[in-house]
Amino acid sequence: MDIDQIKQEMTDAKKHHLDTLEQLGNIESPHLDGQVRSLQYSIRHAILRPIERAEYIIEMIEQIGIDELPTFLLNDWMEELTKIKNLSGGYDNEGDHS
Amino acid sequence: MKETIRNLAKALRQSNRAYECLIQFGDQCLNHFVPLSGSIENPMHRTLLDQFRSQCSIQLYENEKLIFVATKLISEPELMDRPELAPYLAQLGAVDSSLNDGLYGRPIPGFLHPIISESVIDLIHQSSDCSSWEEWKNNLNATQLHIQQLISCFPIQHPVSTILVGLHASYTSITNTITEQEKIEHTLNQLVEHSAEVSHPEHAAHFRLYALRLEQQRLPLPIYLRGDEEE
């Protein structure tokens, strides 16, 4: 697994979703308020939180060293990073989506 | 003839010292195993160890019988002409043949070639107490290295040879478990340290769960007691 590639993809995805959150925050329409909040909640909890968690996991892997991790934990973390890779892939060309 | 028997007696006495060292080594391994068995389950290891110690005792017993015959013949050479001593002379003859065969000659119970005996005596060392997984691992690695060296001392026909190979494999399995324990301890410390720095409570809770899972995987550190003896 290419950790550097995942890190880059996460940075791109995070930037994209933070921009989206900012744009959603700028919407001033009372009748869309509910939908906007629901969307903001989904982005924060279903996308940004897992990405942040993956950032911590990568930080831990780099700090401890991949060969020094207990086997079961390494398997769990690799699975989590694979999910994140699928979640955050494809945002490298999405920088300007205004 | 008398000179030959004298040489045989000398070689047999050296074998005797080597077997005594091996028995001592078996006891050291058992002293490792008794506290370890409270943390790491490995029933095969105990079986192999008992087999090894039993085989060493059998070899030592055979050796002492041969030494007795040789000593008796040296002190009373006239006994050599007695027909009832012929089987004992034949046994000494077999030892002589094995000695002349060289390092890995024909396998005679109770006899080791003097060069092999010397290597065995040199290899055996005193064990030390362990107060951390790292010390256990170092100690077991040293023992495993001795076993590896002992394997090369014994020809495959010797009954101890295969047992030593089994013991070596068993030690590998135990040291793998210890390596995993070291990793768990190290990761747990890092995780606890790291979770204090995590800003979001949701992430902190997530990492605490990992810490709990690691905690569950930890094995108690074996305690080496001076009085540990065979159960």
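Just so you know, these numbers come straight off a predicted model, no measurement behind them.

Undergrad: Looking at this structure, I do not really get the nonpolar core. What am I missing?
TA: The nonpolar side chains of a soluble globular protein tend to be buried, and buried together. Residues and elements named next belong to chain B. Counting residues in hydrophobic clusters, the biggest one holds 43 residues, and the most contacted among them are L8, L12, A70 and L167. Listing elements by their share of this core, those giving two or more residues are helix 1 (2–36), helix 2 (43–75), helix 3 (86–101), helix 4 (114–123), helix 5 (133–153) and helix 6 (159–195). Per-element accounting of this core gives the leading share, 12 residues, to helix 1. In this view, A70 contacts I5, L8, A9, L12 and L92; residues no more than four positions away in its chain are not counted.

Undergrad: Sorry, what's going on with the confidence of the model for chain A here?
TA: Low pLDDT marks stretches whose predicted atomic positions should not be read closely. Mean pLDDT over chain A stands at 84; residues scoring 70 or higher make up 91%. At the low end of the mean pLDDT range in chain A sits helix 3 (residues 71–88) of chain A, at 86; at the high end sits helix 2 (residues 33–64) of chain A, at 89.

Undergrad: Would you take a moment to explain the packing of helix 5 of chain B against helix 6 of chain B for this structure?
TA: How two helices sit against one another is set out by the angle between their axes and by the gap between those axes. Residues and elements named next belong to chain B. Contact geometry of helix 5 with helix 6 gives a least axis separation of 9 Å together with a crossing angle of 160 degrees. One way to sum up the angle between helix 5 and helix 6 is to call them roughly antiparallel. Judged by the sense of rotation from one axis to the other, the crossing of helix 5 with helix 6 is left-handed. Taken together, the residues that form the contact of helix 5 with helix 6 break down as 12 nonpolar, nine polar and four charged.

Undergrad: How should I be thinking about the confidence of the model for chain B in this particular structure?
TA: All names here are of chain B. When pLDDT is averaged along chain B, the result is 84; 94% of the residues meet or exceed 70. In the model of chain B, helix 7 (residues 201–217) stands out as the element of lowest mean pLDDT, 84, in contrast to helix 2, which has the highest, 90. Note that pLDDT drops below 50 for residues 226–231; the model gives that stretch four contacts with residues more than four away or on any other chain. Reported confidence for the predicted complex is 0.72 by ipTM and 0.65 by pTM.

Rules and cut-offs
- Residues numbered from 1 in each chain as written.
- Chains lettered and ligands numbered in written order.
- Predicted model: local features only at pLDDT ≥ 70, side-chain atom pairs only at ≥ 80, totals over all residues.
- Core = buried A, V, L, I, M, F, W, Y, C linked by C-beta atoms within 7 Å.
- Buried ≥ 20, exposed ≤ 12 C-beta atoms within 10 Å, placed from the backbone.
- Helix = DSSP H or I, 4+ residues; strand = E, 2+ residues; numbered from the N terminus.
- Contact = placed C-beta atoms within 7 Å.
- pLDDT = per-residue confidence, 0-100.
- Axes fitted to C-alpha atoms, helices over the stretch in contact; angles between N-to-C directions.
- Parallel < 35°, antiparallel > 145°, perpendicular 65-115°, else oblique.
- Left-handed = near helix turned anticlockwise from the far one by under 90°.
- Nonpolar A, V, L, I, M, F, W, Y, C, P; charged D, E, K, R; others polar.

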